[in-house]
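Below are the chains, spelled out letter by letter.
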Amino acid sequence: MKIAVQQATISWESAHVAVRAAVECAVELGVRINVGVADAAGNLVAFLRMPGAFPQSIGIAIDKAHTAAGFGFPTADWMKIVGDNEGMKFGFSARPGLVVFGGGLPVRVDGQLVGGIGVSGASEEQDSVCARAGLIAIGADDVPL
């Protein structure tokens, strides 16, 4: 007997709406950001870089999206989840492409993980607010900040 497993993932159309909404939020805040959206497997689906946003933040935004999609919780929650476990703190933070600070949010639809959005270039709080704007624009489950 074969077992079929289906995994929902964010569409390219929704990913593009989300990155645009995040950038529009950044414009309102007066900041410049990079924003990426990853699918449920953590692969990049959409990306926007605002003119003047830090080029060094390109990879960070993509890594935040990858991390949030892969683990299913906000990147800002890493240290709370790890707690006092020093081995996990050092081990996870040393992993290439894994981000343990704010700005990455999981994208869930009706509770099902379909991707992640990552924003980098402003403060952690502003990055998270812009990422949340992307979620709201596509009707994804809201994530309290």
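See the structure printed just above.
To continue, consider the pairing of strand β4 (residues 112-120). Counting buried residues along β4, eight of its nine residues qualify, which places the element largely inside the surrounding structure. Pairing of strand β1 (residues 34-39) with β4, which is carried by six bridges, proceeds in the antiparallel orientation. For Val 37, the partnering residue across the bridge sits in β4 and is Ile 117. As judged from the six bridges shared by strand β3 (residues 104-109) and β4, these two strands associate in the antiparallel manner. Bridging across to β4, Val 107 finds its partner in Gly 115.

With that settled, the discussion passes to the side chain of Thr 67. Relative to the elements of secondary structure, Thr 67 occurs in helix α2 (residues 57-71). Here the side chain of Thr 67 touches Gly 97 through a polar contact of 3.2 Å, landing on its backbone oxygen.

Strand order in the open sheet formed by four strands is β2-β1-β4-β3, and the pairing between neighbours is antiparallel. Both outer strands of the open sheet, β2 (44-49) and β3, are each paired with one neighbouring strand and no more. Across the sheet, the axes of successive neighbouring strands diverge by a mean angle of 15°, strand direction being ignored. Two strands pair when backbone bridges link them, and β1 and β2 are joined in this way by five bridges, in the antiparallel orientation. Bridging across to β2, Val 37 finds its partner in Ala 46. Packing of α2 onto the sheet brings it into contact with β1, β2, β3 and β4, and relative to β4 it is tilted by some 160°.

Pairing between side chains of opposite charge can happen when the charged atoms of each approach one another. In this structure the tally under the stated criterion is five salt bridges. The salt bridge involving Lys 64 is made with Asp 127; its shortest N-O contact spans 3.1 Å. Of this pair, Lys 64 sits in helix α2 while Asp 127 is found in helix α5 (residues 124-137), placing the two residues 63 residues apart along the sequence. Relative accessible area serves as the criterion here: at 1%, Lys 64 is assigned to the buried category. For the salt bridge of Asp 142 with Arg 132, the shortest nitrogen-to-oxygen distance reads 2.6 Å. You can see Asp 142 sitting in the segment after α5 and its partner Arg 132 sitting in helix α5, a full ten residues away along the chain.

Thresholds, definitions, all that
- Residues numbered from 1 in each chain as written.
- Predicted model: local features only at pLDDT ≥ 70, side-chain atom pairs only at ≥ 80, totals over all residues.
- Heavy atoms only, no water.
- Buried < 20%, exposed > 50% of the residue type's maximum accessible area, 1.4 Å probe, protein only.
- Helix = DSSP H or I, 4+ residues; strand = E, 2+ residues; numbered from the N terminus.
- Pairing = 2+ DSSP bridges.
- Polar contact = N/O pair within 3.5 Å; in protein donor to acceptor, adjacent residues only side chain to side chain.
- Axes fitted to C-alpha atoms, helices over the stretch in contact; angles between N-to-C directions.
- Contact = heavy atoms within 4.5 Å.
- Salt bridge = Lys/Arg side-chain N within 4 Å of Asp/Glu carboxyl O.

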